[in-house]
Amino acid sequence: SALHHPAWDFDGLYSKDSAAVYAGAGYRITERARVFGGLRWYEDEKQLRNGIKDSWDDVLWNAGIEYALTDTVNTYVTASTGYRPGGINELGIDAPPLTPSYEPETVTAFEVGLNTQFADGTMTLDVTAFLHDHQDVQASEFFLQLQGSAPGLATVENVSNAGGKDTSGVEAEFEWSPNEHWRIAAQLAWLDASFDDYAVTCLPGLGNICASEGFSGLELDGWQPAFSPEWMLGLQASYLAELGRWGSLRPVLHTRYISDYYANDLNLPGAMQPAHNVTDLRLFWHLPGDKVRLQLYLENFSDEQVLNSMAIYPPAANASISTFLADWN
């Protein structure tokens, strides 16, 4: 029998048109100091298969200064803006709390950093401190809606601009190559992220956290955004062994520690990923002439269970509960 082709797949195409103009400039004040900046205008237009369309445009900017303390130590301070494009919810429904489209998510970022080399260039150290102010953060929400004349409810996903998010942190990266064989690296990151003036629709079945707001809204002020661990530490070590007519062999050991975090913006016990450590082992074998490369790998050989994602939504079959749908590695 012929394959069934659903009618909705004939109703036109998704389309996106983007245009942008960018200009940047820099000026060297002294032999060690340099300033720079730039402007970028963009316009995005999206259209669904049913003809609903919307467009967004804005001007972004960046500015900074670099100063070399010595020939091997460089510092910088930057400020910039960025965005995530707006979009249109596929159903195109304009019935609260659903919205036909949502605005771009914007961020204003400040960063100060240090790049340095020492020990005759065999060691490098990069340190960065940053502060990000996000506005109109795009949140994916689920609702129960009547579907026209069809009986019962259906679970509908909707994207809206939920509010603000503040993120600050410090990152440091160290690399040491004592000779042509060894390469050792380490990364350390501290992160402080929380929602600010941020509200989403409250789901049924979440107990007393919705009691004060009813089912119309849930304030997440002070809650952690998904996948925002406070601490991360990574270590890598590799050794290059020359094998003559058999090419070269490089084993690489990579281990990383990640403190606990939530896999969903709703900071509920069932969405918590405990602190954990994951270790990978890789073996690179390059044959002479570098024409053939082989890679053997063993990832997460301690068999650590880690949440990749967590969706929390109301099932259409029972409007009085919420379902946690977890995806594990």
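Our subject is the structure listed above.
What you see is a predicted model; the values in this text were computed from it and never measured. (Residues numbered from 1 in each chain as written. Predicted model: local features only at pLDDT ≥ 70, side-chain atom pairs only at ≥ 80, totals over all residues. Heavy atoms only, no water.)

Colleague: Account for the overall build of the protein chain, with residues named and values stated.
Modeller: Summing up its helical and strand segments, the protein chain has zero helices and 21 strands in all. Within the span of the protein chain, comprising 329 residues, buried residues form 29% of the whole. Put simply, 56% of the contacts in the protein chain that link residues at least 6 apart link residues at least 24 apart. (Helix = DSSP H or I, 4+ residues; strand = E, 2+ residues; numbered from the N terminus. Buried < 20%, exposed > 50% of the residue type's maximum accessible area, 1.4 Å probe, protein only. Contact = heavy atoms within 4.5 Å.)

Colleague: Give a description of the packing of aromatic side chains that names residues and reports values.
Modeller: Within the structure shown, the criterion is met by four aromatic pairs. Judged by centre distance (3.9 Å) and plane angle (25°), the ring pair of phenylalanine 195 and tyrosine 198 falls under stacked. Judged on exposure class, the residue phenylalanine 195 and its partner tyrosine 198 are both buried. (Phe/Tyr/Trp six-rings, centres within 6.5 Å; stacked < 30°, edge-to-face > 60°.)

Colleague: Kindly report on the environment of glycine 64, identifying the contributing residues and their values.
Modeller: Relative to the elements of secondary structure, glycine 64 occurs in strand β3 (residues 53–68). Under the relative-accessibility criterion, glycine 64 is labelled buried at 13%. Sequence separation between glycine 64 and threonine 78 is 14 residues; the distance between their C-alpha atoms is 4.0 Å.

Colleague: Got a sec to walk through the pairing of strand β15 (residues 248–258)? Specific residues and values, please.
Modeller: Consecutive side chains along a regular strand alternate between the two faces of the sheet. The pairing of strand β13 (residues 231–239) with β15 spans seven bridges and is classified as antiparallel. Following the sheet pairing, leucine 235 is matched in β15 by threonine 255. With two bridges joining them, strand β14 (residues 241–242) and β15 adopt antiparallel strand pairing. When the sheet's bridge partners are listed, glutamate 242 is paired in β15 with serine 248. Hairpin connection from β14 to β15: five residues lie between these consecutive antiparallel strands, with glycine 244 at a positive phi of about 65°. When β15 meets strand β18 (residues 276–286), the two strands line up antiparallel, connected through eleven bridges. Bridge pairing in β18 links serine 248 to histidine 286. (Pairing = 2+ DSSP bridges.)

Colleague: How would you summarise the side chain of threonine 279 if you had to cite specific residues and measurements?
Modeller: Take threonine 279: it is sitting in strand β18. In terms of polar contacts, threonine 279 uses its side chain to reach the side chain of threonine 255, at 2.9 Å. The contact partners of threonine 279, leaving out residues within four places of it in the chain, are Leu253, His254, Thr255, Leu298, Glu299, Asn300 and Phe301. (Polar contact = N/O pair within 3.5 Å; in protein donor to acceptor, adjacent residues only side chain to side chain.)

Colleague: Lay out unusual backbone geometry with the relevant residues and their values.
Modeller: One non-glycine residue, alanine 119, lies in positive phi territory at about 55°. Among the residues examined, alanine 119 registers a relative accessible area of 37% and is labelled partly exposed. Even without being a glycine, aspartate 136 presents a positive backbone phi close to 55°. Tracing the backbone shows aspartate 136 in strand β8 (residues 123–146). For aspartate 136, a relative accessible area of 37% translates into the label partly exposed.

Colleague: So what about the pattern of salt bridges? Which residues, and what values?
Modeller: The full count for this structure, using the stated rule, is six salt bridges. Linking arginine 32 and aspartate 71 is a salt bridge whose minimum nitrogen-to-oxygen distance equals 3.8 Å. Here arginine 32, found in the loop between β1 (15–28) and β2 (33–47), pairs with aspartate 71, found in the loop between β3 and β4 (73–84); they are 39 residues apart in sequence, far enough to count as distant. The exposed category is assigned to aspartate 71, whose relative accessible area is 75%. (Salt bridge = Lys/Arg side-chain N within 4 Å of Asp/Glu carboxyl O.)

Colleague: Any details on the nonpolar core? Residues and values, ideally.
Modeller: Formed by 18 residues in total, the largest nonpolar core has its most connected members in Tyr198, Val200, Leu218, Leu220, Leu266, Met310 and Ile312. Among the elements of the structure, β8 and β20 (307–313) are those that each provide at least two residues to this core. Those residues in contact with leucine 266 that sit more than four places away from it in its chain are Val200, Leu203, Leu206, Leu218, Leu220, Trp223, Ala271 and Ile312. (Core = buried A, V, L, I, M, F, W, Y, C linked by side-chain atoms within 4.5 Å.)

Colleague: Kindly report on the side chain of serine 160, identifying the contributing residues and their values.
Modeller: By secondary structure assignment, the location of serine 160 is in strand β9 (residues 153–176). Given a relative accessible area of 12%, serine 160 falls into the buried group. Apart from the residues within four sequence positions on either side, serine 160 is in contact with Tyr102, Val137, Gln138, Ala139 and Glu141.

Colleague: Before we move on, can you summarise the environment of tyrosine 297 with the specific residues and values?
Modeller: Locating tyrosine 297 in the fold gives a position in strand β19 (residues 293–298). What makes tyrosine 297 exposed here is its relative accessible area of 54%. With 45 residues separating them along the chain, tyrosine 297 and valine 252 place their C-alpha atoms 9.3 Å apart. With near-sequence residues (within four places) excluded, tyrosine 297 lies in contact with Leu281 and Arg282.

Colleague: I'd like a rundown of a nonpolar patch on the surface, residues and numbers included.
Modeller: Taken together, the side chains of Val21, Leu39, Trp41, Val59 and Trp61 define a hydrophobic patch exposed on the protein surface, amounting to about 470 Å² of accessible area. Those elements that provide at least two residues to the nonpolar patch are β2 and β3. Within the secondary structure, valine 21 sits in strand β1. (Patch = residues over 30% accessible without salt bridge, like charges linked within 9 Å, V, L, I, M, F, W, Y side chains within 5 Å. Areas by Shrake-Rupley, 256 points an atom, 1.4 Å probe, with all protein chains shown as cover.)

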